[in-house]
Amino acid sequence: MKQIDFRHGKIGYNILMTALPLLVAQVITLLYSIVDRIYIGRMGDYGTIALGGIGICFPVITIITGITNMFGMGGSPLFSMELGKGRPQNAEKIMNIAAFMLFWSAIIITIAAEATAQPLLRLLGASDNNIIFALPYLRIYLIGTIFSMAATGLNPYVNAQGFPGIGMFTVVIGAVLNIALDPVFIFVFGMGVSGAALATVISQAASAVFVVVFLIGKKSDQRLKLISFREFIENRKIAGNICSLGLAVFIMQSTNSLVNIVNNKLLALFGGDIYISILTIVASVRQIMEVPIHSIGEGTSPTISFNYGALRPDHMSKAMRIMIISMIIYTAVSWAAVFIWPSFFISIFTSDQAFIEKAVPALHIYFFAFIFQALQTCGQTVFKALNKKKHAIFFSIFRKVVIVVPTALLLTLVFNMGVNGVFIAEPVSNVIGGTACFVTMLLTVIPEIRRMRDN
């Protein structure tokens with residue numbers, strides 16, 4: 001795989017060559033969970049309820065992903081900045097400290113979550129009907145925590161070294177396995193949701209082995225190495241910097257979990273288990289549509305971070321312009337697609353026509369202001385890439401905790417809008433949160449770029 005030259009390559013080319021493999025990788029990563037849902041939704045008469053059971057597990061899986069990204073996405077901009085400053089040894093140290101935190105966090109999460117799985121699912125809104133699907137899925141999924149955290153958390157350091165193609169293959173290997181094993185375990189062996197979880201664990205293990213082998217090999221400029229507790233304590237300041245920058249990503253993921261919990265409780269109260277299944281599908285469609293947005297953001301982030309460290313403001317400005325224009329165009333097109341062909345997107349997960357008819361209005365409401373998601377992601381990407389922790393953390397909390405949750409509660413409980421109130425809260429948060437994040441980014445970052453240019 002050809003290595004990308006962040007120092008001398010053209011900005012647009014670097015972003016494209018980083019974003020394209022990331023797009024493929026994220027599409028394939030999405031297949032881990034999406035393929036599970038597609039097969040589970042077609043498990044005979046109980047497929048819809050089983051799908052709702054998997055949806056109950058989402059908050060736990062999302063928090064694990066958030067912790068993973070705290071160390072991966074939190075450390076990789078610092079890693080890129082050190083490379084931009086010409087300090088590769090410092091960059092390597094950042095990666096190894098992040099790997100240390102990934103490993104021990106995975107061990108602690110696995111033990112704690114396995115011990116509390118059943119009461120945890122009840123707390124998240126599991127009913128007697130869907131917990132029989134949620135519990136076995138979650139318990140098996142948790143066994144692979146160390147693999148999922150290694151594969152997802154270490155991949156940003158592969159991309160930041162200029163090897164997005166390798167990063168893509170990290171997830172391609174796992175996804176191909178998952179797609180192949182899912183129908184075998186679910187239908188041939190008759191394991192149902194347990195088979196879907198087992199296929200995911202095996203696939204994540206394959207991805208983890210691939211990325212670790214690459215990072216300890218000769219092709220990697222910065223090598224992955226084991227460090228002791230003593231070395232970790234000696235470098236606790238670096239660990240603190242990784243966590244503080246990654247905290248924004250973690251908060252974004254964990255607040256998604258909070259929103260899921262509140263939404264599931266409200267939907268169970270006003271619509272029953274079927275509306276939890278509808279939310280699971282609507283959220284799955286959104287995951288599909290968001291993949292290119294995240295790919296553009298993560299593809300642009302290393303370029304912004306590297307040029308910030310190298311003190312090249314014009315390169316930063318160009319990278320930001322390309323990102324903003326690309327995201328706005330994409331979200332406008334995808335918004336139109338969802339509104340024109342809503343049944344198509346829902347039918348990916350179920351063939352139940354009565355269910356599809358109920359889900360279409362919810363999908364329309366949920367996606368009403370999707371274009372504003374581009375503004376939110378642009379602002380968050382720039383804040384994270386420039387190590388602006390306070391801004392990144394604030395806007396992670398602001399959209400989900402300050403806007404979505406209170407709006408959902410207000411519309412359902414006070415204005416008696418029922419299940420529609422849950423779905424309306426999402427576009428309201430997109431408009432307010434996305435606009436506020438984007439405008440703040442422009443007001444804070446553009447003056448800094450001008451000062452860098454003047455100096």
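Residues numbered from 1 in each chain as written. Predicted model: local features only at pLDDT ≥ 70, side-chain atom pairs only at ≥ 80, totals over all residues. Heavy atoms only, no water.

Peer 1: Would you mind going over the overall build of the protein chain with me for this structure?
Peer 2: A tally of regular secondary structure across the protein chain gives 17 helices and zero strands. Over its C-alpha atoms the protein chain spans a radius of gyration of 21 Å, differing by no more than 12% from the 23 Å that the globule rule assigns to 455 residues. Each principal axis of the C-alpha atoms in the protein chain carries an extent, and together these give about 65 × 45 × 35 Å. Taken over 455 residues, the protein chain has a buried fraction of 59%. (Helix = DSSP H or I, 4+ residues; strand = E, 2+ residues; numbered from the N terminus. Rg over C-alpha atoms; globule rule 2.2 N^0.38 Å. Buried < 20%, exposed > 50% of the residue type's maximum accessible area, 1.4 Å probe, protein only.)

Peer 1: Which parts of the structure should I look at to understand the nonpolar core?
Peer 2: The nonpolar side chains of soluble globular proteins are, as a tendency, buried together. Core analysis: the largest hydrophobic core is formed by 127 residues, its most contacted members being Leu 121, Tyr 137 and Phe 423. Broken down by element, the residue count for this core peaks at 15 residues, all from helix H2 (residues 47-84). Aside from chain neighbours lying at most four places away, what touches Phe 423 is Leu 267, Tyr 275, Ile 278, Leu 279, Val 282, Ala 362, Ile 365 and Tyr 366. (Core = buried A, V, L, I, M, F, W, Y, C linked by side-chain atoms within 4.5 Å. Contact = heavy atoms within 4.5 Å.)

Peer 1: Looking at this structure, I do not really get the pattern of salt bridges. What am I missing?
Peer 2: Pairs may arise between side chains of opposite charge once their charged atoms sit close together. Throughout the structure, instances matching the rule amount to 11 salt bridges. Each of the salt bridges in this network shares a partner with another, and the network as a whole consists of Arg 286, Glu 290, Arg 399, Lys 400 and Glu 426. (Salt bridge = Lys/Arg side-chain N within 4 Å of Asp/Glu carboxyl O.)

Peer 1: Before we go on, may I ask you to explain the packing of helix H14 (residues 353-366) against helix H17 (residues 419-454) in this structure?
Peer 2: Axis angle and axis distance: for two packed helices, these are the angle between their axes and the distance between the axes, and together they describe the pair. Contact geometry of H14 with H17 gives a least axis separation of 7 Å together with a crossing angle of 30°. By the criterion of interaxial angle, the relationship of H14 to H17 is roughly parallel. Residue-level contacts link Ala 362, Ile 365 and Tyr 366 of H14 to Asn 420, Phe 423, Ile 424, Glu 426 and Pro 427 of H17. Class assignment for the residues of the contact of H14 with H17 results in six nonpolar, one polar and one charged. (Axes fitted to C-alpha atoms, helices over the stretch in contact; angles between N-to-C directions. Parallel < 35°, antiparallel > 145°, perpendicular 65-115°, else oblique. Nonpolar A, V, L, I, M, F, W, Y, C, P; charged D, E, K, R; others polar.)

Peer 1: For this particular structure, what's the right way to read the side chain of Thr 377?
Peer 2: Take Thr 377: it is sitting in helix H15 (residues 372-385). Aside from chain neighbours lying at most four places away, what touches Thr 377 is Ile 293 and Met 327.

Peer 1: Please clarify how a nonpolar patch on the surface should be interpreted in this entry.
Peer 2: Taken together, Leu 269, Phe 270, Leu 409, Leu 410, Leu 413, Val 414, Phe 415 and Met 417 make up a surface patch of nonpolar side chains, about 750 Å² in accessible area. For the nonpolar patch, the secondary structure elements donating two or more residues are helix H10 (236-270) and helix H16 (389-414). Looking at the nonpolar patch element by element, the count peaks at four residues for H16. Summarising the element assignment, Val 414 is placed in helix H16. (Patch = residues over 30% accessible without salt bridge, like charges linked within 9 Å, V, L, I, M, F, W, Y side chains within 5 Å. Areas by Shrake-Rupley, 256 points an atom, 1.4 Å probe, with all protein chains shown as cover.)

Peer 1: How do you make sense of the environment of His 364 when you look at a structure like this?
Peer 2: Among the structural elements, His 364 can be located in helix H14. Residue His 364 is classed as partly exposed on the basis of its relative accessible area of 24%. As for His 364 and Ile 424, which are separated by 60 residues in sequence, their C-alpha atoms are 9.6 Å apart. Residues within four places of His 364 in sequence aside, it is in contact with Val 338, Phe 339 and Pro 342.

Peer 1: What am I meant to see in helix H5 (residues 131-143) here?
Peer 2: Note that an α-helix has 3.6 residues per turn; residues three or four places apart therefore point the same way. In a regular helix each residue adds 1.5 Å, so 13 residues correspond to 18 Å; H5 covers 19 Å between its end C-alpha atoms and thus fits that length. Taken as a whole, H5 has its buried residues at Ile 131, Phe 133, Ala 134, Leu 135, Tyr 137, Leu 138, Tyr 141 and Leu 142. (Expected span 1.5 Å × (residues − 1).)

Peer 1: What is the right way to look at the confidence of the model for the protein chain in this model?
Peer 2: The predicted coordinates should not be examined in detail at positions where pLDDT is low. Predicted confidence across the protein chain gives a mean pLDDT of 87, with 95% of residues reaching 70 or more. The lowest-confidence element of the protein chain is helix H1 (residues 11-40), averaging 70 in pLDDT; the highest-confidence one is helix H3 (residues 88-115), averaging 95. (pLDDT = per-residue confidence, 0-100.)

Peer 1: Whenever I open this one, the packing of aromatic side chains confuses me. Can you help?
Peer 2: Note on aromatic pairs: each is described by the distance of the centres and the angle between the planes. Summed over all chains, the structure comprises 17 aromatic pairs. On the basis of an interplanar angle of 75° and a centroid distance of 5.3 Å, the ring pair of Phe 344 and Phe 345 is categorised as edge-to-face. Judged by relative accessible area, Phe 345 falls into the buried class, the value being 10%. Aromatic pair Tyr 366 and Phe 423: ring centres 6.5 Å apart, planes at 75°, arrangement edge-to-face. In this pair, Tyr 366 is assigned in helix H14 and Phe 423 in helix H17, connecting sequence segments 57 residues apart. For Phe 423, a relative accessible area of 1% translates into the label buried. An aromatic cluster is present here, built from Phe 100, Phe 103, Trp 104, Phe 229 and Phe 232 joined pairwise through their rings. (Phe/Tyr/Trp six-rings, centres within 6.5 Å; stacked < 30°, edge-to-face > 60°.)

Peer 1: Would you mind going over unusual backbone geometry with me for this structure?
Peer 2: Among all residues save glycine, negative phi is the norm, and among peptide bonds the norm is trans. Positive phi is not limited to glycine here, since Leu 311 has a value of about 60°. Relative to the assigned elements, Leu 311 resides in the loop between helix H11 (273-309) and helix H12 (313-340). For Leu 311, a relative accessible area of 64% corresponds to the exposed category. Unusually for a residue other than glycine, Asn 416 sits at a positive phi of about 55°. If you trace the backbone, Asn 416 turns up in the loop between H16 and H17. For Asn 416, a relative accessible area of 65% gives the class exposed.

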